[in-house]
Amino acid sequence: MDAKFLDLFGEILMKNVRDEAIEQCDMTIQGKMKSEESQRLHNLITLSGQRELINDLVPKIVDTTLHHLLTTLEQDESIDVTLNEGYNPVSIKDIIDGLAGELYTEDGWINRFSNKTKT
């Protein structure tokens, strides 16, 4: 039961946070975002000739941010994330120790649930 809740949480984070953040950055790098700031960044990236470096860096930045978010969710006593299935709320803190570690490895959330698996 706990693994099911943990996987649900991980899948939501990978698809709705990780993949969306990387996709938005990819679109900025490609010049597909129309906001003034996105166009400014696209122009800087194009002029710098560092597109490949930026493409490699974005997933690492997103993953580092997720790592720190998960560590904070687990360690900060003032925060309690609860997953609900019917009438059985389960606290993330009760399910696992080392939540951020769920991101990594061949069986981790990134490899299992993300569409943007390059890190």
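Anything mentioned here points back to the structure above.
Treat the numbers as computed from the prediction; the structure is a model and nothing was measured.

Chemist: How should the overall build of the protein chain be read in this particular structure?
Modeler: Assigned secondary structure in the protein chain consists of 5 helices and 2 strands. Going from N to C terminus, the protein chain has its helices and strands arranged as α-α-α-β-β-α-α. Across its three principal axes, the protein chain shows a C-alpha extent of roughly 50 × 30 × 25 Å. A total of 119 residues make up the protein chain; the buried ones form 32% of that total. Intrachain contacts of the protein chain at a sequence separation of at least 6 include 64% that bridge at least 24 residues. Working note: accessible area of the protein chain is about 7,600 Å², and carbon and sulfur atoms make up 53% of it. Between the mean site of the 12 positive side-chain charges and the mean site of the 22 negative ones, the protein chain shows a separation of 10 Å.

Chemist: Quick question: what am I supposed to make of the nonpolar core here?
Modeler: Side chains of a nonpolar character, in soluble globular proteins, are inclined to be buried together. Of all hydrophobic cores here, the largest spans 24 residues; its most connected members are F9, M14, L70, L99 and W109. When contributions to this core are tallied by element, the ones reaching two or more residues are α1 (2–30), α3 (51–75), α4 (92–95) and α5 (109–113). Among the elements that take part in this core, α1 stands out by supplying 7 residues, more than any other. The contacts of W109, once residues within four sequence positions are left out, are L6, D7, F9, G10, L13, M14, L70, L99, E102, L103 and S114.

Chemist: Is there a simple way to think about the environment of N88 in this case?
Modeler: Note on placement: N88 falls in the loop between β1 (82–83) and β2 (90–91). On the basis of relative accessible area, N88 is assigned to the partly exposed category, the value being 42%. Note: C-alpha distance between N88 and L41 (47 residues apart in sequence) is 46 Å.

Chemist: Any chance you could explain unusual backbone geometry here in plain terms?
Modeler: Trans is the prevailing form of peptide bonds, just as negative phi is the prevailing case for residues other than glycine. Unlike most non-glycine residues, T105 shows phi in positive territory, near 80 degrees. Tracing the sequence through the fold places T105 in the loop between α4 and α5. We classify T105 as exposed; its relative accessible area is 57%.

Chemist: I would appreciate a short explanation of the packing of aromatic side chains in the present structure.
Modeler: Centre distance and the angle of the planes are the two values used to describe a pair of aromatic rings. Inspection of the entire model under this criterion finds 1 aromatic pair. Seen in terms of ring centroids, F9 and W109 are 6.0 Å apart; in terms of plane orientation they differ by 75 degrees. Their pairing is edge-to-face. A residue pair is termed long-range when its members are at least 10 positions apart, and F9 in helix α1 and W109 in helix α5 qualify at 100 residues. Exposure remark for F9: the relative accessible area of 9% places this residue in the buried category.

About the criteria used
Residues numbered from 1 in each chain as written. Predicted model: local features only at pLDDT ≥ 70, side-chain atom pairs only at ≥ 80, totals over all residues. Heavy atoms only, no water. Helix = DSSP H or I, 4+ residues; strand = E, 2+ residues; numbered from the N terminus. Buried < 20%, exposed > 50% of the residue type's maximum accessible area, 1.4 Å probe, protein only. Contact = heavy atoms within 4.5 Å. Areas by Shrake-Rupley, 256 points an atom, 1.4 Å probe, with all protein chains shown as cover. Lys, Arg positive; Asp, Glu negative; His and termini not counted. Charge placed at Lys NZ, Arg CZ, Asp CG, Glu CD. Core = buried A, V, L, I, M, F, W, Y, C linked by side-chain atoms within 4.5 Å. Phe/Tyr/Trp six-rings, centres within 6.5 Å; stacked < 30°, edge-to-face > 60°.

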